[in-house]
Amino acid sequence: MSETTEQRNSDETAVTPGAVEPTASPGPFGLVGGVIKTARPRQWVKNVLVFAAPFFAFSKSTDRTGLLIDAIIAFVAFSLTASSVYLINDAIDVEADRAHPTKRNRPIAAGIVPVPVAYGAAVVFFLAGLGVSFLASWQLAVVLGVYEAVQLGYCFGLKHQPVVDLAIVGSGFLMRSIAGGVAGGIALSQWFLLVTAFGSLFMVAGKRYAEIMLFERTGAKIRSSLKKYSASYLRFVWATSAAILIMSYCLWAFEIRQTEHNSVWALISMVPFLVAVLRYAVDVDGGIAGEPEEIALKDRILQVLGASWVITLFLAFYL
């Protein structure tokens, strides 16, 4: 064999550093598993926000069974719709994900789920979510439609715009809370909306801060919008959001006390809420808040604080 032929064969079989090696055909079960993994069911924990408004309205509801059913419908519908966005986002970012130290293992980036299949599955998930939403109310379907449109705008370009990307990702959490309200026909408190909005911005800014910290530690490729942020700016955003979040919740707690038989439990609820925010801020400050749902699922202290907060609110409304 000639030297030229040997060199050509060597070049063809060499693996570029950082590239994802081709994978064998995963088969139908592997493909379905890849689609389900890309749908990110672990992130459905975010969708428990749809139960927030029903929780606060449950004590005064004349149809508690109906309210609970509507909240469950909203949870399922939003989970399906959010999964459609995850599929589209990963299909669009496939090349960038392949250059990322951890995202390269995602099913689409790893070649387990072909891009056309991901788009097709996204359509199925969205239509399924929309269909389920009509079981509660047409207003819920409208909220899901707005959410999908905003998130698609994010996927197809707005995620590269600084500040705008923070607002869009944060709005996703806000719309989850609104979805729970419209599903059950609940009038939402202004304080409830403020707490949700700034709580969302706090988590999103923390997530972006963690991504910048990852870039500084490993040199991993980051989204283009992050190149226009500085770590100090993102610290300013999440610190400001945390301050407004805590203030809004405290004012809301005083309002709850006045409307719920002067219950002291509403004021006590401020303690676990404040400590939980400060606990989560430790993760943000350490640059390890890149996946908020992972922190919520793994941090036992944070889980205890969250449970304590829910219990104190339950006592405020029902004792």
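Criteria and thresholds
- Residues numbered from 1 in each chain as written.
- Predicted model: local features only at pLDDT ≥ 70, side-chain atom pairs only at ≥ 80, totals over all residues.
- Heavy atoms only, no water.
- Patch = residues over 30% accessible without salt bridge, like charges linked within 9 Å, V, L, I, M, F, W, Y side chains within 5 Å.
- Areas by Shrake-Rupley, 256 points an atom, 1.4 Å probe, with all protein chains shown as cover.
- Salt bridge = Lys/Arg side-chain N within 4 Å of Asp/Glu carboxyl O.
- Helix = DSSP H or I, 4+ residues; strand = E, 2+ residues; numbered from the N terminus.
- Expected span 1.5 Å × (residues − 1).
- Buried < 20%, exposed > 50% of the residue type's maximum accessible area, 1.4 Å probe, protein only.
- Core = buried A, V, L, I, M, F, W, Y, C linked by side-chain atoms within 4.5 Å.
- Contact = heavy atoms within 4.5 Å.
- pLDDT = per-residue confidence, 0-100.
- Axes fitted to C-alpha atoms, helices over the stretch in contact; angles between N-to-C directions.
- Parallel < 35°, antiparallel > 145°, perpendicular 65-115°, else oblique.
- Nonpolar A, V, L, I, M, F, W, Y, C, P; charged D, E, K, R; others polar.
- Phe/Tyr/Trp six-rings, centres within 6.5 Å; stacked < 30°, edge-to-face > 60°.
- Arc of directions from axis to C-beta.

Caption draft 1: Representation of a nonpolar patch on the surface in the model. Residues Phe134, Trp138, Val142 and Val146 make up a contiguous nonpolar surface patch of roughly 430 Å² in combined accessible area. Here Val146 is to be found in helix α7 (residues 138-155).

Caption draft 2: Geometry of helix α4 (residues 64-92). Here α4 spans 42 Å end to end across 29 residues, near enough to the 42 Å set by a 1.5 Å rise per residue. With respect to burial, α4 is a largely interior element, 21 of its 29 residues being buried.

Caption draft 3: Local environment of the environment of Leu274. You can see Leu274 is positioned in helix α12 (residues 270-285). As a C-alpha pair, Leu274 and Tyr249 span 25 residues in sequence and 9.1 Å in three-dimensional space.

Caption draft 4: The arrangement of the nonpolar core in detail. Ranked by size, the top nonpolar core spans 75 residues in total, and within it Phe202, Tyr249 and Trp252 carry the most contacts. With residues up to four places along the chain from it excluded, the contact list for Tyr249 reads Val195, Ser269, Met270, Phe273, Trp309 and Leu313.

Caption draft 5: View of the confidence of the model for the protein chain. Per-residue pLDDT for the protein chain averages 83, and the proportion of residues at 70 or more is 88%. Least confident of the elements in the protein chain is helix α1 (residues 3-13), whose mean pLDDT is 43; most confident is α7, at 94. Within the model, pLDDT remains below 50 along residues 1-22, and this stretch shows 10 contacts once partners closer than five positions in the same chain are excluded.

Caption draft 6: Region of interest: the packing of helix α10 (residues 231-259) against α12. Between α10 and α12, the least distance of the axes is 10 Å, while the angle of their chain directions is 170°. It follows that α10 is roughly antiparallel to α12 by the angle criterion. Across the interface between the two elements, Arg235, Trp238, Ala242, Leu245, Ile246, Tyr249, Cys250, Ala253 and Phe254 of α10 pack against Met270, Phe273, Leu274, Val277, Ala281, Val284 and Asp285 of α12. Grouping the constituent residues of the contact of α10 with α12 by class yields 14 nonpolar, no polar and 2 charged.

Caption draft 7: Inspection of the packing of aromatic side chains at higher detail. All chains considered together, the criterion is met by 17 aromatic pairs. Taking the centre distance of 5.7 Å and the plane angle of 70° together, the rings of Phe192 and Trp252 count as edge-to-face. Of the two residues, Phe192 is situated in helix α9 (residues 190-218) and Trp252 in helix α10; the sequence distance between them amounts to 60 residues. Here Phe192 and Trp252 have matching classes, each one buried. Ring centres of Phe202 and Trp238 lie 6.2 Å apart, and the angle between their planes is 55°; this geometry places the pair in the tilted category.

Caption draft 8: Highlighting the side chain of Arg40. Looking at the element boundaries, Arg40 is found in the loop between α2 (27-38) and α3 (52-57). In this structure Arg40 touches Tyr86, Asn89, Asp90 and Arg106, once residues within four positions along its chain are discounted.

Caption draft 9: Molecular detail of helix α6 (residues 115-133). With 19 residues, α6 should reach 27 Å at 1.5 Å per residue; the first-to-last C-alpha distance of 27 Å fits that figure. Of all the positions in α6, only Ala118, Ala121, Ala122, Phe125, Phe126, Gly129 and Ser133 are classed as buried. Along the axis of α6, the buried residues cluster in a sector spanning 140°; they form a single face. Residues of α6 that are exposed and point more than 90 degrees away from the buried face comprise Pro116, Val124 and Leu127.

Caption draft 10: Structural view of unusual backbone geometry. With a phi angle near 55°, Arg40 is a residue other than glycine that sits in the positive phi range. Of note in the backbone geometry, Val163 takes a positive phi value of approximately 70° without being a glycine.

Caption draft 11: Just the pattern of salt bridges, in detail. Tallied over the entire structure, the rule returns 7 salt bridges. Put simply, Glu211 and Arg208 hold a salt bridge, and the shortest N to O gap is 3.7 Å. In this pair, Glu211 and Arg208 both sit in helix α9, 3 residues apart, roughly one turn of the helix. By the burial criterion, Glu211 is buried, and Arg208 matches it. A salt bridge links Arg235 to Asp285; the shortest N-O distance between them is 2.3 Å. With a gap of 50 residues between them, Arg235 in helix α10 and Asp285 in helix α12 connect regions that are remote in the sequence. The partly exposed category is assigned to Arg235, whose relative accessible area is 35%. Residue Asp285 is classed as partly exposed on the basis of its relative accessible area, which comes to 39%.

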